[in-house]
Amino acid sequence: LLLIRRFEETLLRLFDEGLLQGTTHTCLGQEYIPVALRTLLRPEDFVFSGHRGHGHYLARFEDPESLLAEIMGREGAVCGGVGGSQHILRDRYLSTGVQGESLPVAVGAGLTLKRTDPGAVCCVYIGDGSWGEGAVYEALNMACLWDVPLVVVVEHNGIAQSTPTHVQMAGSVEGRAAAFGADHHRVTTVDINRVRAELAPLFSLVRRTARPLVVEFATRRLGPHSRGDDTRPAEELERLRERDWATLYTEAFPDLFARADESARRTVGEVVAWVRAARPSTGEEPREAVC
Amino acid sequence: VLDAETGPERVGRNLNRALHRLLDEDPRLHVLGEDIVDPYGGAFGVTQGLSTRYPDRVRPTPLSEGAIVGVAAGMALAGDRVIVEIMFGDFAALAFDQLVNFASKSVSMYGRRVPVPLLVRCPTGGRRGYGPTHSQSLQKHFLGVPNLAIHELSPYHDCHDVLRAALDRAEPAMIFEDKLLYTRPMYVEGVVDDLFRYDFPVPGVARSFVDGGGDGSMDGGDPECVVIAPGGMAHRALAAARSMLLEDEITCHVLVPSQLYPFDVAPLVPRLRSARTICVAEDGTPGGSWGSEVATRIHEHLPGMPVRLVAAEDAVVPTAAHLERHVLVDESTIVEALR
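Cut-offs and rules
Residues numbered from 1 in each chain as written. Chains lettered and ligands numbered in written order. Predicted model: local features only at pLDDT ≥ 70, side-chain atom pairs only at ≥ 80, totals over all residues. Heavy atoms only, no water. Helix = DSSP H or I, 4+ residues; strand = E, 2+ residues; numbered from the N terminus. Buried < 20%, exposed > 50% of the residue type's maximum accessible area, 1.4 Å probe, protein only. Contact = heavy atoms within 4.5 Å. Areas by Shrake-Rupley, 256 points an atom, 1.4 Å probe, with all protein chains shown as cover. 1 Å grid on protein atoms, 1.4 Å probe; cavity = no way out; pocket = protein on both sides within 12 Å on 5 of 7 lines; lining within 4 Å. Points joined across faces, edges and corners; volume = space filled by probe spheres on them. Nonpolar A, V, L, I, M, F, W, Y, C, P; charged D, E, K, R; others polar. Disulfide = S-S within 2.5 Å. Buried area = accessible area lost by both parts, 1.4 Å probe. Salt bridge = Lys/Arg side-chain N within 4 Å of Asp/Glu carboxyl O. Polar contact = N/O pair within 3.5 Å; in protein donor to acceptor, adjacent residues only side chain to side chain. Pairing = 2+ DSSP bridges. Right-handed = clockwise from strand over helix to strand, strands pointing away. Phe/Tyr/Trp six-rings, centres within 6.5 Å; stacked < 30°, edge-to-face > 60°. Expected span 1.5 Å × (residues − 1). Arc of directions from axis to C-beta.

(A) A look at the overall build of chain B. Per the secondary structure count, chain B includes 10 helices and 13 strands. Across the 339 residues in chain B, those meeting the buried criterion constitute 59%. By sequence separation, contacts in chain B at least 24 residues apart represent 77% of the contacts at least 6 residues apart. In the form shown here, chain B has an accessible surface area of approximately 12600 Å², with 52% of it arising from carbon and sulfur atoms.

As structure tokens, this is what we get:
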């Protein structure tokens, strides 16, 4: 949890120092979601992520070196530096950069998975903004029609890049899920144990019945959409920080939090030093490699 | 399309038989599309019988071309192989994102080669009066996408060979299928008709020529003209070649590649050198087209070679037959280009 927080903060700092290029989307404030889902997911499950996926990756693999090397284009990169922040494939984890695009793909993988690994699920992370894409509805329709073991995790942070939800979404996520007959559950807590307790029976149900589930997290994005592009007023950000999991966990477990934080800072520091010293990645030769 | 037939096999039947055989050969192969199950068997009847024999692997879908291709890509990534039928090739526009931004990119954007065995079939072209949104030839819009191969159905190329090879390459591919071709006969054993024979001087590229000896002993020699055309244009190109020979006594070869892109002209250069004119004919609209791509490649090898481009008019395809005729390519357009 803290590893993800410090990793993301470090990325923004590295950008400011001019050590990173392109863009990146941090999940500051939303880290607890993939961490909570970690124990609910199994290695045979597929996880699909999007542009804001560092937390999803780190919660699944706990391997910050390969991710930072990917973002910085250094040796040891998980995808040779070709994919970068938004395009990662490792085992059954896949992210790609176009909103909504991964939902139909997850339905397809779910159809195959249902046959090859009964009981496994496809978990797809999307945001509130992703619901503007038609692909989401085409995919939900198929998932419900064909009983695909799909869990759509909606990180509803109330803001799509710079656009607040009320400016871009009519109705609700719940209403949209209901239209297709998908189950819907809204999570409002940031307490990881409570999230797990709420969702464990629902995940089991998906594994047993292959009935699609939409889990909507009422969450908050503390950082900018990408970098330096946050136009929200300071008071609003301050209000969000008051309800941040880190604030609440610090108050609840001061000593434990401090020790864990020190360890996370040290790990991220070592990772940065290691990756900065690494040589540029080669990008491999995709056409010549044997699959 | 697939009613009981006598005589040579029709292209549509050859394609249907290829799909049956592919499903039979590979238990991981699935077919997705709209209205593809029996008794309907697809808008053009090409998938007839598949769902009856392979009910678990032939899936009828909602009207969602984008998601259909996305689902197929997901299945392919998870270890299956998938053929998608887009009812009318025009609707492939709805799947552009999944094809261009996901399926074909996935082959190489993750730093290693990822197999994506996915083939998208697109019934295409006009001359059936279906009007502006059901008659287009959109091939050119899919050219130049890394890891996306573009094929066209042809009366020369056995469909099983073509589809099987495309799936075995494990990279996304599209095959554009001229709708009129479904009811035309396949050419077999080197014979096109009373005048023309054919061979494959280069793998995947059929060459039609007049057999001077009448017994297959002469290979047509060095032609004065060459027409390069996709499979859907083959009959009009052959009609033009026939007309050139009979009316003008000009020898003309017709080259029909199965794969339009990527397309390597280098092996064909020795066959083109003698020509005084080359014509590249296609059904789409002019500009930024397959023809201009082929012409550019030819000029790299044969600078100064006259290459004439023939394409449809820069216009929508009208519904009324007499209006549609003015817009689309016919044999006389090719003859004019060659003269």
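Having put the structure on the table, let's press on.
(B) Region of interest: the layout of surface pockets. All names here are of chain A. The volume enclosed by the largest pocket comes to roughly 380 Å³. For the largest pocket, the lining is made up of 23 residues, of which H51, R52, Q99, G127 and S130 are closest to its centre. Elements with a contribution of two residues or more to the lining of the largest pocket: β4 (122–127) and β6 (159–160). Tallied by class, the residues present in the lining of the largest pocket amount to five nonpolar, 15 polar and three charged.

(C) How the structure looks around the state of the cysteines. As enumerated under the stated definition, the model contains zero disulfides over all chains in all. Here C27 of chain A stays free of any disulfide, with the sulfur of C123 of chain A as its closest cysteine sulfur at 14 Å. C27 of chain A sits in the buried class, given a relative accessible area of 4%. C122 of chain B takes part in no disulfide bond, and the closest cysteine sulfur, belonging to C159 of chain B, lies 14 Å away. Assessed through its relative accessible area of 0%, C122 of chain B is described here as buried.

(D) Seen up close, unusual backbone geometry. Of note, the amide linkage connecting D38 of chain B to P39 of chain B takes the cis form, showing an omega dihedral of 5°. Inspection of the secondary structure puts P39 of chain B in the loop between β1 (29–33) and α2 (50–53). Of note, the amide linkage connecting Y261 of chain B to P262 of chain B takes the cis form, showing an omega dihedral of -10°. With a phi angle near 50°, D147 of chain A is a residue other than glycine that sits in the positive phi range.

(E) Molecular detail of the interface of chain A and chain B. Residue-level contacts link 35 residues of chain A with 31 residues of chain B. Approximately 2600 Å² of surface area, both sides summed, lies buried where chain A meets chain B, with 64% of it carried by carbon and sulfur atoms. Across the contact surface, chain A and chain B share one salt bridge. Applying the counting criterion to the chain A and chain B interface returns seven residue pairs in polar contact (both at pLDDT 80 or more). The dominant element in the side of chain A that touches chain B, judged by the number of residues it contributes, is helix α5 (residues 102–116) of chain A, at eight residues. Per-class residue counts for the side of chain A that touches chain B are 20 nonpolar, nine polar and six charged.

(F) Structural detail: the pairing of strand β13 (residues 307–310) of chain B. Residues and elements named next belong to chain B. Sheet analysis places strand β12 (residues 277–281) next to β13, joined by four bridges and oriented parallel. The partner of C279 across the bridge, within β13, is R308. In this fold, β12 hands off to helix α8 (residues 290–301), which returns the chain to β13; that crossover is right-handed.

(G) Molecular detail of the packing of aromatic side chains. Residues and elements named next belong to chain B. Within the structure shown, the criterion is met by 21 aromatic pairs over all chains. Where F44 meets Y182, the ring centres are 5.8 Å apart and the plane angle is 40°; that geometry is what we call tilted. A residue pair is termed long-range when its members are at least 10 positions apart, and F44 in the loop between β1 and α2 and Y182 in the loop between β6 (173–178) and β7 (196–202) qualify at 138 residues. The same class applies to F44 and to Y182, which are both buried. Plain terms: the ring middles of Y156 and Y187 are 5.0 Å apart, the flat faces sit at 65° to each other, and that makes the pair edge-to-face. Taken together, the residues span a long stretch of sequence, with Y156 in the loop between β5 (149–152) and α5 (159–168) and Y187 in the loop between β6 and β7 at a distance of 31 residues.

(H) Fine view of helix α1 (residues 2–16) of chain A. All names here are of chain A. Taking 1.5 Å of rise per residue, 15 residues should cover 21 Å, and α1 covers 21 Å from first to last C-alpha, within 8% of that figure. Taken together, the buried positions of α1 are L2, L3, I4, R5, R6, F7, E8, T10, L11, L12, L14 and F15. Among the structural elements, α2 (32–37), α3 (54–61), α4 (64–72), α11 (245–252) and α12 (254–277) are those in contact with the buried residues of α1. In the stretch just after α1, G18 is the one whose phi turns positive, near 80°.

(I) Representation of α11 of chain A within the structure. All names here are of chain A. Those residues of α11 that fall on the buried side of the exposure criterion are W245, A246 and Y249. Down the axis, α11 shows its buried residues gathered within 95° of arc, on one side only. Tucked into the core, α11 has its buried residues touching α1, α2, α9 (192–209) and α12.

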